[in-house]
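Remarks on the overall topology
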Amino acid sequence: MAQKTNDFSQGKISSNILSLALPMTAAQLVNVLYSVVDRIYLGRLPGSSHLALTGLGVTIPIVSIIMGFANLCGTGGAPLCSICRGQGDDEEAERIMGCSFALLLALGAAVTAFFLVFKRPVLYLFGASADTFPYADDYMTVYLCGTLFVMISLGMNPFINSQGFGRVGMLTVVLGAAVNIVLDPILIFLLDMGVRGAALATVAAQGLSALWVLRFLTGPRALLRLRRSTLRLDGRRTRRIVSLGLSGFFMNMTNSLVQVVCNATLQSYGGDLYVGIMTIINSLREVFFMPVHGLANGSQPVTGYNYGAGLYSRVRECIRFSCGVTVAYAGLFWVIAMAVPGLLVRIFNSEAEVVAAGIPAVRIYFALFILMSLQSAGQAVFVGLGHSRQAVFFSLLRKAVINAPLTVILPIWMGTTGVFAAEAVSQLVGGLACFLTMYFTVYRPLGALRDKEQTPQRR
């Protein structure tokens, strides 16, 4: 039977999680290269100073929104598939996957149409100036033509990982990123396409990744296959997918919201220079936070499978292992960010004024990075167990309730420093609130339950 393959109820918890988390982390780190490599090249584009980098930074909220809709389908459907596999119901798992794919296509078409129509006012709203708009417009026009590619590769790859094929999931983004890295210098510099070249390289790479995902999920190796008969928007399944996926969706939406507020506030208090610095900080956050996301996403299939199988002691072991490794890694990055912030800034731009303003900004922004990792660990548990309300609440709390308002309020007294300080405060409050809630409402109560095989009459 398919559910006996990649059986997460057997073997060491650490081995099960790492077998998924390591390739997923590598995949997500490579995936970040899509945007980060673009920013590194454009930060050195002749004749544009830091304006091309700043213009690309203005598009980050739109990219985050598109990723949010992909996560709505992927992080909503994949954990449900894991739970169904743990329960031995592969047929329902396939129907959930098919429903997720149908939802993804519908949302992708709607998002593409919206941003193509309202692109100009949206970019100005998100922090563009007269100097940076041409760069943002060039990038976004091309990028939007590949929205469906982006959403398929990001939204359906979790269904490969949830079946235990971590290496295949890694190859999804490795193949695309390799194409992106090769095409970037050719299109940007050799063919003199500039920002348009960076966007075209990204679209081509995501198209390859999308093709890889679909070929695997419809092929013979997949335990759960994407079939035409399951491609329908069933109301009950759609509600379950959306309910659980709202956590990942709101995480991207609130990231986009905060980025918009940050760009607008920094544009007002510091101009294009500080919008460019925020672009660099976002790039660093994406790179160094990916292992945290990779570990969290790698633990979800294992946690969900064992929870579905009624093996509560193994679920608690999953939580202990994933949280411990997450905090250890976050501590390592914190040391790097505090010790050599100038080196990190120079990766993207070596202009003296950018480096001088970027060093204190990096230190303030990442001051409480360890606590932010606790929120990721806590939310991964909520999502993995299907606790959608808690996952959604804490996604909204840190960014929308705490960070966004402080980003507007603190600069009144602190100037541009207040924008970066707002992030640190939200890391402190949001991280502790999420982790402690998970501990007292999930981890400790699970300790009072016996495993299913010990008390079969329970379920």
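This one's a predicted model, so the numbers in the text were calculated from it and none came from an experiment.

Structural notes on the packing of aromatic side chains
What the rule picks out here adds up to 17 aromatic pairs. Taking the centre distance of 6.1 Å and the plane angle of 5 degrees together, the rings of Phe-382 and Phe-394 count as stacked. Linking Phe-382 in helix 15 (residues 369-384) with Phe-394 in helix 16 (residues 388-409), this pair joins segments that are 12 residues apart in sequence. Overall, Phe-382 belongs to the buried group, its relative accessible area being 0%. Taking the relative accessible area as the measure of exposure, Phe-394 reaches 4% and is therefore buried.

Thoughts on unusual backbone geometry
Phi is positive for Asp-192, which is not a glycine, with a value near 55 degrees. Within the secondary structure layout, Asp-192 lies in the loop between helix 8 (166-190) and helix 9 (194-217).

Structural notes on a nonpolar patch on the surface
Together, Leu-368, Val-425, Leu-428, Val-429, Leu-432, Leu-436, Tyr-439 and Phe-440 make up an exposed nonpolar region whose accessible area comes to about 620 Å². With respect to the secondary-structure elements, Tyr-439 resides in helix 18 (residues 416-447).

Digging into the packing of helix 4 (residues 90-117) against helix 7 (residues 147-161)
Between helix 4 and helix 7, the shortest axis-to-axis distance is 9 Å and the interhelical angle comes to 155 degrees. By the angle class used here, helix 4 and helix 7 are roughly antiparallel. Relative to helix 7, the crossing made by helix 4 is right-handed. Each of Met-97, Ser-100, Phe-101, Leu-104, Leu-105, Leu-107, Gly-108, Ala-109 and Thr-112 in helix 4 lies in contact with helix 7, whose residues at this interface are Thr-147, Leu-148, Met-151, Ile-152, Gly-155, Met-156 and Phe-159. Residues of the contact of helix 4 with helix 7, tallied by class, amount to 11 nonpolar, 5 polar and no charged.

Digging into the packing of helix 15 against helix 18
The geometry of helix 15 relative to helix 18 is characterised by a closest axis approach of 7 Å and an angle of 35 degrees between their N-to-C directions. Seen along the crossing, helix 15 lies across helix 18 with a hand that is left-handed. For the pair helix 15 and helix 18, the contacting residues are Phe-369, Leu-371, Met-372, Leu-374, Gln-375, Gly-378, Gln-379, Val-381 and Phe-382 in the first and Glu-423, Gln-427, Leu-428, Gly-430, Gly-431, Leu-432, Cys-434, Phe-435, Thr-437, Met-438, Thr-441 and Val-442 in the second. Per-class residue counts for the contact of helix 15 with helix 18 are 12 nonpolar, 8 polar and 1 charged.

Here we look at the nonpolar core
In this structure, Met-156, Leu-217, Ile-277, Ile-281, Ile-319, Phe-366 and Phe-420 are the most contacted members of the largest nonpolar core, which totals 116 residues. If sequence neighbours within four positions are ignored, Phe-420 has contacts with Leu-266, Tyr-274, Ile-277, Met-278, Ile-281, Ala-361, Ile-364 and Tyr-365. Formed by 9 residues, the second largest nonpolar core is a distinct cluster that contains Ile-13, Leu-295, Tyr-305 and Cys-318.

What about the pattern of salt bridges?
All chains considered together, the criterion is met by 10 salt bridges. A salt bridge links Glu-94 to Arg-227, with the nearest nitrogen and oxygen atoms 2.9 Å apart. Taken together, the residues span a long stretch of sequence, with Glu-94 in helix 4 and Arg-227 in the loop between helix 9 and helix 10 (235-269) at a distance of 133 residues. The buried category is assigned to Glu-94, whose relative accessible area is 11%. According to the relative accessible area criterion, Arg-227 is partly exposed, its value standing at 35%. In this structure, Asp-138 engages Arg-196 in a salt bridge whose closest nitrogen and oxygen atoms are separated by 3.1 Å. Of the two residues, Asp-138 sits in helix 6 (residues 133-144) while Arg-196 sits in helix 9, which places them 58 residues apart along the sequence. On the accessibility criterion, Arg-196 (44% relative accessible area) is partly exposed. A single salt-bridge network, built from bridges that share partners, covers Glu-92, Arg-232, Asp-234, Arg-236 and Arg-237.

As for the confidence of the model for the protein chain
Scored by pLDDT, the protein chain comes out at a mean of 86, with 94% of its residues at no less than 70. Confidence over residues 455-459 falls short of pLDDT 50; this stretch has 9 contacts with residues more than four positions distant or in other chains.

Some thoughts on the environment of Gly-308
Structurally, Gly-308 is set in helix 11 (residues 272-308). On the basis of relative accessible area, Gly-308 is assigned to the buried category, the value being 4%. With 220 residues separating them in the primary sequence, Gly-308 and Gly-88 have C-alpha atoms 9.0 Å apart.

Let's talk about the environment of Ser-100
Locating Ser-100 in the fold gives a position in helix 4. Between the C-alpha atom of Ser-100 and that of Phe-250, which follows or precedes it by 150 residues, the distance is 17 Å. The residues touching Ser-100, leaving out its near neighbours within four places in the chain, are Cys-73, Gly-77, Phe-159 and Ile-241. From its side chain, Ser-100 meets the backbone oxygen of Ile-96 in a polar contact 2.9 Å long.

A word on helix 18
Relative to the 46 Å expected for 32 residues at 1.5 Å per residue, helix 18 spans 47 Å between its end C-alpha atoms, a close match to the ideal helical length. Bending of helix 18 peaks at approximately 35 degrees at the position of Tyr-439.

Some details on the environment of Leu-223
Inspection of the secondary structure assignment puts Leu-223 in the loop between helix 9 and helix 10. The buried category is assigned to Leu-223, whose relative accessible area is 17%. Spatially, the C-alpha atom of Leu-223 lies 29 Å from that of Asn-252, the residues being 29 residues apart in sequence.

Rules behind the numbers
- Residues numbered from 1 in each chain as written.
- Predicted model: local features only at pLDDT ≥ 70, side-chain atom pairs only at ≥ 80, totals over all residues.
- Heavy atoms only, no water.
- Phe/Tyr/Trp six-rings, centres within 6.5 Å; stacked < 30°, edge-to-face > 60°.
- Helix = DSSP H or I, 4+ residues; strand = E, 2+ residues; numbered from the N terminus.
- Buried < 20%, exposed > 50% of the residue type's maximum accessible area, 1.4 Å probe, protein only.
- Patch = residues over 30% accessible without salt bridge, like charges linked within 9 Å, V, L, I, M, F, W, Y side chains within 5 Å.
- Areas by Shrake-Rupley, 256 points an atom, 1.4 Å probe, with all protein chains shown as cover.
- Salt bridge = Lys/Arg side-chain N within 4 Å of Asp/Glu carboxyl O.
- Axes fitted to C-alpha atoms, helices over the stretch in contact; angles between N-to-C directions.
- Parallel < 35°, antiparallel > 145°, perpendicular 65-115°, else oblique.
- Left-handed = near helix turned anticlockwise from the far one by under 90°.
- Contact = heavy atoms within 4.5 Å.
- Nonpolar A, V, L, I, M, F, W, Y, C, P; charged D, E, K, R; others polar.
- Core = buried A, V, L, I, M, F, W, Y, C linked by side-chain atoms within 4.5 Å.
- pLDDT = per-residue confidence, 0-100.
- Polar contact = N/O pair within 3.5 Å; in protein donor to acceptor, adjacent residues only side chain to side chain.
- Expected span 1.5 Å × (residues − 1).
- Bend = angle between axes of the 7 residues up to and from the residue.

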